[in-house]
Amino acid sequence: MRPSPVVSAIGTGALAFGLALAAAPGALAASGPLPQSPSPDSDVATTMAEALERDLNLTSAEAQELLTAQEAAFEADEAAAQAAGDAYGGSVFDTETLDLTVMVTDAAAVQAVEATGAKADVVSHGLDGLEAVIDDLNEAAHQPGVVGWYPEITSDTVVLEVLEGAEADAEALIADAGVDASTVTIETTTQTPELYADIIGGLAYTMGGRCSVGFAATNASGQPGFVTAGHCGSVGTQVSIGNGRGVFERSVFPGNDAAFVRGTSNFTLTNLVSRYNSGGYATVSGSSTAPIGSQVCRSGSTTGWYCGTIQARNQTVSYPQGTVHSLTRTSVCAEPGDSAGSFISGTQAQGVTSGGSGNCRTGGTTFYQEVNPMLNSWNLRLRT
């Protein structure tokens, strides 16, 4: 499988700005008191289940069942992907049936996949094929009415989102990219994504405006810091958080939306994520990637703690400030100021908030950038 575009762009670290990456395990805090006592809850699953009950309209029993089934699906997904080998075409976890379905591009791989306990569906393109279409669209000329595109592995097509009345722009993009129109599904929307910057998300930090901490991490030299959104500051931008100080050491935006802030004084790292309105903290124990369809929760200081599901990966979003690739699409709501905050599934860090559309009164779509490519490309170590 080709490496994610995020890895290439972040690895260069050459751009002046950065895109908010997937959350890493644990919120960073400057030394001094946190908003609440920084001790992990005795039963993280219970408090996360309460948020799932609220945001996914589940009963208490259903929420607990979902968390248990999803944890098992994490392990099954790794085994199924190995069993599928080169035929692996992506995975989807269904939060209603609690089934994990693995797409394969070769019927000969079905038996091996199903032996792991997962279901198997045969598709024509799979992740590799759809990502090739994404790459071609990314290289095409920008069309003002097109707000983004992403691979939808269940339908085995790339979904192209376009503002109502601008369908001609979608057709122009397809033609300019030279992709087969049968591999693309055009969907209309009334909302334009925007960056969630200059307020708060996770814990707040200031740099002229305000943004949010993603997750605590150390750089290759072992210095403390945190991952966040690149659009929040360019390399060299000074940061204040409580009585702590830091500086943007890495930043990429547009193209990606990733950054690492290195602490220069009074940084104390924890492996905690604030649940704000739900109370207490969630702990992060790793950064295993959750399958599409999994539940995911977001921490942001504007709206607090909200949950939803992962809808797609490798989405391209055309913000007014620049186009960003390799985002993950979710049904979680967010609002300006939640930018750069943590996305977590169970106890596994997923990414940091980039932007989106809608709000937490009527619902919306929010995008995050995966944390693992940022950690790997910049040789960062997540605090767990």
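Refer to the structure above for everything that follows.
Residues numbered from 1 in each chain as written. Predicted model: local features only at pLDDT ≥ 70, side-chain atom pairs only at ≥ 80, totals over all residues. Heavy atoms only, no water.

**Q** Looking at this structure, how should I read the environment of E161?
**A** By secondary structure assignment, the location of E161 is in strand β6 (residues 157-163). Its relative accessible area of 10% is what places E161 among the buried residues. Here the alpha-carbon distance between E161 and Q191, two residues 30 residues apart in the chain, equals 10.0 Å. Once residues lying within four places of it in the same chain are set aside, the contact partners of E161 are G145, V146, V147, G148, Y150, E187, Q315 and R329. Within the structure, E161 has its side chain in polar contact with the side chain of R329 (distance 2.8 Å). (Helix = DSSP H or I, 4+ residues; strand = E, 2+ residues; numbered from the N terminus. Buried < 20%, exposed > 50% of the residue type's maximum accessible area, 1.4 Å probe, protein only. Contact = heavy atoms within 4.5 Å. Polar contact = N/O pair within 3.5 Å; in protein donor to acceptor, adjacent residues only side chain to side chain.)

**Q** How do you make sense of the side chain of T330 when you look at a structure like this?
**A** Following the sequence through the fold, T330 ends up in strand β20 (residues 322-330). Assessed through its relative accessible area of 0%, T330 is described here as buried. There is a polar contact of 3.3 Å between the side chain of T330 and the backbone nitrogen of V332. Within polar-contact distance, the side chain of T330 engages the backbone oxygen of T366 at 2.9 Å. Discounting residues that sit within four places of it in the chain, T330 has contacts with V296, T309, Q311, F343, G364, T365, T366 and Y368.

**Q** I'm lost on the packing of aromatic side chains in this one. Help?
**A** For any pair of aromatic rings, the description consists of the separation of the ring centres together with the inter-plane angle of the planes. According to the stated counting rule, one finds four aromatic pairs in the structure shown. Arranged with centres 6.4 Å apart and planes meeting at 55 degrees, the rings of Y205 and F248 form a pair that is tilted. Here F248 lies in strand β14 (residues 244-252) and Y205 lies in strand β9 (residues 204-206), a separation of 43 residues in the sequence. For the pair shown, Y205 and F248 are each scored as buried. Ring pairs connect the aromatic residues Y205, F226, F248 and F267, which therefore count as one cluster. Here R54 stacks its cationic end above the ring of Y306, 4.6 Å away from the centre of that ring. (Phe/Tyr/Trp six-rings, centres within 6.5 Å; stacked < 30°, edge-to-face > 60°. Lys NZ or Arg CZ within 6 Å of the ring centre and 35° of its normal.)

**Q** Where do I start with unusual backbone geometry in this structure?
**A** Most peptide bonds are trans, and most residues other than glycine sit at a negative phi. The peptide bond linking F253 to P254 adopts the cis configuration, its omega dihedral lying at -5 degrees. Backbone geometry at D156 places phi at a positive 60 degrees, although glycine is not the residue there. With respect to the secondary-structure elements, D156 resides in the loop between β5 (146-152) and β6. Given a relative accessible area of 10%, D156 falls into the buried group. For N266, which is not glycine, the phi torsion reads 60 degrees and is therefore positive. Among the secondary structure elements, N266 is positioned in the loop between β15 (258-265) and β16 (267-274).

**Q** Mind showing me how you'd approach the state of the cysteines here?
**A** As used here, a disulfide is simply a covalent bond connecting the sulfur atoms of two cysteines. What the rule picks out here adds up to three disulfides. Two residues, C297 and C307, share a disulfide whose sulfurs are 2.0 Å apart. Disulfide C297 to C307: torsion about the S-S bond roughly 95 degrees, handedness right-handed. Within this pair, whereas C297 is found in strand β18 (residues 295-300), its partner C307 is found in strand β19 (residues 304-319), the two being separated by ten residues in sequence. Each of the two residues, C297 as well as C307, counts as buried. Paired through a disulfide, C333 and C360 show a sulfur-sulfur distance of 2.0 Å. (Disulfide = S-S within 2.5 Å.)

**Q** What exactly am I supposed to notice about the sheet that holds strand β3 (residues 100-104) here?
**A** Backbone-to-backbone hydrogen bonds pair the strands of a sheet. The strands run either parallel or antiparallel. Across the sheet, three strands lie side by side as β2-β3-β4; this open sheet has mixed pairing. Every interior strand has two partners, whereas the edge strands, β2 (88-93) and β4 (119-122), have only one. Here the strands of the sheet are splayed against their neighbours by 25 degrees on average, with no regard to which way each runs. Strand direction decides the pairing type here: β3 and β4, joined by four bridges, are parallel. Residue V102 lies in a different strand from β4, and its bridge partner there is A120. Running over the sheet, helix α3 (residues 60-84) touches β2 and β3 and is turned about 170 degrees from β2. (Pairing = 2+ DSSP bridges. Axes fitted to C-alpha atoms, helices over the stretch in contact; angles between N-to-C directions.)

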